[in-house]
Amino acid sequence: MANNPPPDDGSLRYVPDGPKISVLPGHTPDYSHATFCIEEEDHTLGNALRWMIMKKCVLFPASWLRGKGPNEGYSPKVEFCGYSMPHPSEYKINLRIQMYDNHSSLTALQQALRQLDDLAATIEEKYNASLEGEQWEQGQDGEMTLEGAKRFAQEAGRKKEREAMEL
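Note that residues are indexed from 1 along each chain, following the sequence as it is written. Only residues with pLDDT of at least 70 get local features here, since the model is predicted, and only at 80 or more are side-chain atom pairs given and counted; chain-wide, interface and lining totals rely on the full set of residues. Water and hydrogen atoms play no part in the side-chain values, which are based on all heavy atoms of the structure.

Draft legend 1. Up close: a positive patch on the surface. On the surface, Lys126, Arg158, Lys159 and Arg162 cluster together into a patch of positive charge. Counting from the N terminus, the helices are DSSP H or I runs at least four residues long and the strands are E runs at least two residues long. When residues in the positive patch are grouped by element, the largest group, 3 residues, is from helix α3 (residues 146-166). Within the secondary structure, lysine 126 is located in helix α2 (residues 105-132). Put simply, a patch holds well-exposed residues, over 30% relative accessible area, that have no salt bridge, with like charges counted together within 9 Å and Val, Leu, Ile, Met, Phe, Trp or Tyr side chains within 5 Å. Using the Shrake-Rupley algorithm and a 1.4 Å probe, accessible areas are obtained, with residue cover drawn only from the displayed protein chains. Between Lys or Arg on one side and Asp or Glu on the other, a salt bridge is scored when a side-chain nitrogen of the former is within 4 Å of a carboxyl oxygen of the latter. Positive residues here are Lys and Arg, negative ones are Asp and Glu, while His and the chain termini are left out of the count. Charged groups are reduced to one reference atom each: NZ for lysine, CZ for arginine, CG for aspartic acid, CD for glutamic acid.

Draft legend 2. Inspection of the pairing of strand β4 (residues 92-99) at higher detail. A 1.4 Å probe rolled over the protein chains alone gives each residue an accessible area, and that area as a share of the maximum for its type sets the label: buried under 20%, exposed over 50%, partly exposed in between. With 7 of 8 residues buried, β4 is to be regarded as a mostly interior element. Alignment of strand β2 (residues 33-39) against β4, held across 7 bridges, turns out to be antiparallel. Across the sheet, the residue bridging to alanine 34 is isoleucine 97, located in β4. When strand β3 (residues 78-84) meets β4, the two strands line up antiparallel, connected through 6 bridges. The residue bridging serine 84 from the neighbouring strand is asparagine 94, located in β4. By the convention used here, strands pair only if DSSP detects at least 2 bridges between them.

Draft legend 3. Seen up close, the pairing of β2. In terms of burial, β2 is a largely internal element, 6 of the 7 residues being buried. Where strand β1 (residues 21-23) meets β2, 3 bridges bridge the pair, whose relative direction is antiparallel. Looking at the pairing, serine 22 lines up with cysteine 37 of β2.

Draft legend 4. Quick peek at the side chain of serine 105. Relative to the elements of secondary structure, serine 105 occurs in helix α2. The definition of a polar contact used here is a pair of N or O atoms within 3.5 Å, where within protein one atom must be able to donate a hydrogen and the other to accept one, and adjacent residues in sequence count solely through side-chain atom pairs. From its side chain, serine 105 meets the backbone oxygen of tyrosine 31 in a polar contact 2.5 Å long. Not counting chain neighbours up to four residues away, the residues in contact with serine 105 comprise Tyr31, Ser32, His33, Ala34, Phe36, Ile97 and Met99. The contact criterion used is simple: two residues touch if any of their non-hydrogen atoms lie within 4.5 Å.

Draft legend 5. Just unusual backbone geometry, in detail. We note that tyrosine 31 has phi near 60 degrees; this positive angle belongs to a residue other than glycine. Within the fold, tyrosine 31 resides in the loop between β1 and β2. Looking at tyrosine 31, the relative accessible area reads 28%, which means it is partly exposed. Phi at asparagine 102 takes a positive value of approximately 60 degrees, unusual for a residue other than glycine. Note that asparagine 102 resides in the loop between β4 and α2.

Draft legend 6. Examining the nonpolar core more closely. Only buried residues count toward a nonpolar core. Its members are Ala, Val, Leu, Ile, Met, Phe, Trp, Tyr and Cys residues joined through side-chain atoms within 4.5 Å. In this structure, Leu49, Ile53, Val78, Cys81, Leu95, Ile97 and Leu109 are the most contacted members of the largest nonpolar core, which totals 18 residues. Of all the secondary structure elements, the ones that give two or more residues to this core are β2, α1 (43-55), β3, β4 and α2. Of all the elements, α1 adds the most residues to this core, at 5 residues. Among residues more than four places away in sequence, those in contact with isoleucine 97 are Ser32, His33, Ala34, Phe36, Ile53, Phe80, Cys81, Ser105 and Leu109.

If you want it as structure tokens, here you go:
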């Protein structure tokens, strides 16, 4: 399989010779411990998935974990989650997920992918709304000016205050 970066045409599922995600040998029969190989991806997705699985509590609401001490916010169902790129010339990542109490690492991965997709959609929606509302300022050299950034931050603060008062 060629390990070249995907074409820069916006395609998200470019995998020329096989599946996008595969389970590597050595997983437990219940998939509570498994390593997934994700083709044509790098640190961008690897770190986001690791964070989402470890920190965002993919199996139950984060509100259940508040006030639990130094590990506040971490999912007690996840024993370990980490990723690596096998080699810089190989355009893929290996994501290892280990769960407690025979919970499925496959379910955790699927939920984390859905949450990342939802997060990206929300960011895109907010970004497009800010562009349509002309909530940006561009300097002559194509970058935001310091004064424009300060005004934008002040306006955003006032908007948050108004929204908080409406609640």
